[in-house]
Amino acid sequence: MKPAAAPSAPVSAVDSAGSELRSGRPILLTDTNDAPGTGGSIVLPAALADPHWTAWAVRWTSGFLCAPLPDTIADALNLPLMAANTGTRSSAPAFTVSVDAALGTTTGISAADRARTARVLADPESVPADLIRPGHLVPIRVAETTEHPRTGRNEIAVDLCRLAGLPPVAVIGHLVADDGEILRPWSVTALGIEHGLTTLSTGDVSEHTLFHGNGTAARVTRGNSTLMRTAHTDFDATVFHDEVTGADHTVLRGPSTPTAPVVSVHLECHSGEVFGALTCFCGRRLQEALQQTARDGGLLIYLRRGRSSRLYSPHECTLADTGAVAAILSDLDVATIRLRGGGIDPTALASANVTVVQGPNREQEQS
């Protein structure tokens, strides 16, 4: 089973960005890939937008500033799409009608006016009458989903504000050079160093969400526990609901759980477990894991894949799987484990503060 790659950046980088946003300072956001046309954006928390950093955003962007926000907020503020048909670009941002704050602004174009408009958009007490249409700040509708972490900069900007404990409304603008060309990621990083601003990639935030949740809910939520009687022994079974994938994972606790328990991870596989496919050994491995957990104690974590439209290979562990395991262990207050199978990368678990010590060898399992 192929292990998932470890997160590319330390989790603390996203925590640091959250601290910056809570102080009203912006962060710089780049795409994970460095494809042609990609660059970077400034992300400001709309709830704390001020003239200084809004003016900085105007200086280092084309001046076209947008405000990504969830569909629910857009609906509450009566912000319909700017155009019903976005053309052939399926990934085009869902721009709404542009707005200005109804009170506290003059022309609407100044940094102070746009900061005021941003704060109105982020205020949970705002109503449609608090905004004038058209205006000089363009909201972007962002669909809310729990199926998988997002990778678009508009979606990530909303997630970052939520992770920082702020209203999920951001101010965002594409960074450009003095000649008007889009800043490439390495130039974005250099700009951040020059101005003392944190730089993140969209992948950093997606990986953080996979391990720690979206700021509103943890990655997993503990559900019901029951006694499960099996041919091997009686297990304490606990269900964990996955807030990212929507799946319900099951954890079986053996008759004893030492300080550093043996943890077996098994990925759901219909072909081997249900249909008995001759080319798949998952059914046999699951029975072996049950037998070993019944004999030696520890935990068996049975991961399901949820409602994502993607078809995952049951024999390939993803970073989402590793994140679910880390979140379950954290909820159970298990910080040190001996890992048995499952394709989980110990390095990735270590980044989530789970220490993996040497697992049981073959002689120990047979004794």
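In this report, we go over the structure that sits alongside the text. Predicted, not measured: the structure shown is a model, and the values here were computed from it.

Rules behind the numbers
Residues numbered from 1 in each chain as written. Predicted model: local features only at pLDDT ≥ 70, side-chain atom pairs only at ≥ 80, totals over all residues. Heavy atoms only, no water. Axes fitted to C-alpha atoms, helices over the stretch in contact; angles between N-to-C directions. Helix = DSSP H or I, 4+ residues; strand = E, 2+ residues; numbered from the N terminus. Parallel < 35°, antiparallel > 145°, perpendicular 65-115°, else oblique. Contact = heavy atoms within 4.5 Å. Nonpolar A, V, L, I, M, F, W, Y, C, P; charged D, E, K, R; others polar. Phe/Tyr/Trp six-rings, centres within 6.5 Å; stacked < 30°, edge-to-face > 60°. Buried < 20%, exposed > 50% of the residue type's maximum accessible area, 1.4 Å probe, protein only. Lys NZ or Arg CZ within 6 Å of the ring centre and 35° of its normal. Pairing = 2+ DSSP bridges. Polar contact = N/O pair within 3.5 Å; in protein donor to acceptor, adjacent residues only side chain to side chain. Core = buried A, V, L, I, M, F, W, Y, C linked by side-chain atoms within 4.5 Å. Arc of directions from axis to C-beta.

### Comments concerning the packing of helix α7 (residues 202-212) against helix α10 (residues 319-331)
And then number 1: Between α7 and α10, whose axes approach to 7 Å, the crossing angle comes to 40°. In terms of orientation, α7 lies oblique with respect to α10. Of the residues in α10, those touching α7 at Glu-207, Leu-210 and Phe-211 are Leu-319, Ala-320, Thr-322, Gly-323, Ala-324, Ala-326 and Ala-327.
And then number 2: Split by residue class, the contact of α7 with α10 holds 7 nonpolar, 2 polar and 1 charged.

### Focus: the side chain of Glu-20
And then number 1: Here Glu-20 lies in helix α1 (residues 11-22).
And then number 2: Apart from residues lying up to four places away in sequence, Glu-20 is in contact with Arg-25, Ile-27, Gly-196 and Thr-198.

### Thoughts on the packing of aromatic side chains
And then number 1: Under the definition given, this model contains 3 aromatic pairs.
And then number 2: Ring centres of Trp-56 and Trp-60 lie 6.0 Å apart, and the angle between their planes is 40°; on these two criteria the pair is classed as tilted. Of this pair, Trp-56 and Trp-60 both sit in helix α2 (residues 51-60), 4 residues apart, roughly one helical turn.
And then number 3: Overall, Trp-60 belongs to the buried group, its relative accessible area being 15%.
And then number 4: Between the NZ or CZ atom of Arg-59 and the centre of the ring of Trp-60, over which it lies, the distance is 4.0 Å.

### Focus on the sheet that holds strand β15 (residues 355-357)
And then number 1: On the basis of which strands lie adjacent, the open sheet formed by 7 strands has the order β9-β10-β11-β13-β12-β14-β15 and mixed pairing. Edge positions in the sheet fall to β9 (220-229) and β15, since each of these pairs with one other strand and no more. This sheet shows a mean twist of 30° between the axes of neighbouring strands, independent of strand direction.
And then number 2: Bridge analysis of strand β14 (residues 336-340) against β15 gives 3 bridges, and the strand direction is parallel. What sits directly across from Arg-338, in β15, is Val-357.
And then number 3: Along the sheet, α10 contacts β9, β10 (234-242), β11 (248-253), β12 (262-267), β13 (299-303) and β14; its crossing angle with β13, the most-contacted strand, is approximately 140°.

### Concerning the environment of Glu-207
And then number 1: With respect to the element layout, Glu-207 can be found in helix α7.
And then number 2: Classification of Glu-207 as buried rests on a relative accessible area of 16%.
And then number 3: Between the C-alpha atoms of Glu-207 and Ala-320, which are 113 residues apart in sequence, the distance is 8.2 Å.

### Here's the deal with the side chain of Arg-219
And then number 1: Position of Arg-219 among the secondary structure elements: in the loop between α7 and β9.
And then number 2: At 2.7 Å, the side chain of Arg-219 forms a polar contact with the side chain of Asp-242.
And then number 3: In this structure the side chain of Arg-219 is engaged in a polar contact, spanning 3.1 Å, whose partner is the backbone oxygen of Ala-320.

### A look at the pairing of β11
And then number 1: Here β10 pairs with β11 via 6 bridges, running antiparallel. When the sheet's bridge partners are listed, Asp-236 is paired in β11 with Arg-253.
And then number 2: Connecting β10 to the antiparallel partner β11 that follows it, the hairpin turn spans 5 residues, and Gly-246 within it adopts a positive phi of roughly 80°.
And then number 3: One ladder, built from 4 bridges, connects β11 with β13; its direction is antiparallel. If you follow Leu-252 over to β13, its bridge partner there is Leu-300.

### Some remarks on the pairing of β10
And then number 1: Relative to β10, β9 runs antiparallel, the two being bridged by 8 bridges. Note on β10: the bridge partner recorded for Leu-227 is Asp-236.
And then number 2: Taking the residues that link successive antiparallel strands as the turn, the β9-β10 hairpin has 4 residues.

### Describing the nonpolar core
And then number 1: Counting residues in each nonpolar core, the largest one holds 31 residues, and the members touching the most others are Leu-28, Trp-56, Leu-79, Leu-121, Leu-131, Leu-175 and Leu-191.
And then number 2: Going through the elements one at a time, β2 (40-45), α2, β3 (66-70), β5 (99-101), α4 (111-122), β6 (131-142) and α6 (185-195) are the ones with two or more residues in this core.
And then number 3: If you tally residues by element for this core, the top one is α4, at 5 residues.
And then number 4: Ignoring any residue separated from it by four or fewer positions in sequence, one finds Leu-175 in contact with Leu-28, Gly-40, Ser-41, Ile-42, Trp-60, Thr-61, Ile-182, Leu-183, Val-188 and Leu-191.

### Observations concerning unusual backbone geometry
And then number 1: Of note, the amide linkage connecting Arg-133 to Pro-134 takes the cis form, showing an omega dihedral of -5°.
And then number 2: Its place among the elements puts Pro-134 in strand β6.
And then number 3: Phi is positive for Asn-78, close to 55°, though the residue is something other than glycine.
And then number 4: Take Asn-78: it is sitting in the loop between α3 (71-76) and β4 (94-95).
And then number 5: Residue classification places Asn-78 among the partly exposed residues on the basis of a relative accessible area of 48%.
And then number 6: Although it is not a glycine, Asp-333 adopts a positive phi angle of roughly 60°.
And then number 7: Of note, Asp-333 is situated in the loop between α10 and β14.

### Digging into α6
Structural remark: α-helix, 3.6 residues per turn; residues separated by three or four positions point the same way.
And then number 1: Taken together, the buried positions of α6 are Pro-185, Val-188, Leu-191 and Gly-192. Around the axis of α6, the buried residues are gathered within 115° of arc, so they sit on the same side. Among the exposed residues of α6, those oriented more than 90 degrees off its buried face are Trp-186, Ile-193 and Glu-194.
And then number 2: Packing partners of the buried residues in α6 comprise β1 (27-30), β2, α2 and β8 (199-201).
And then number 3: Downstream of α6 by a residue or two, Gly-196 has a phi angle that is positive, lying close to 65°.

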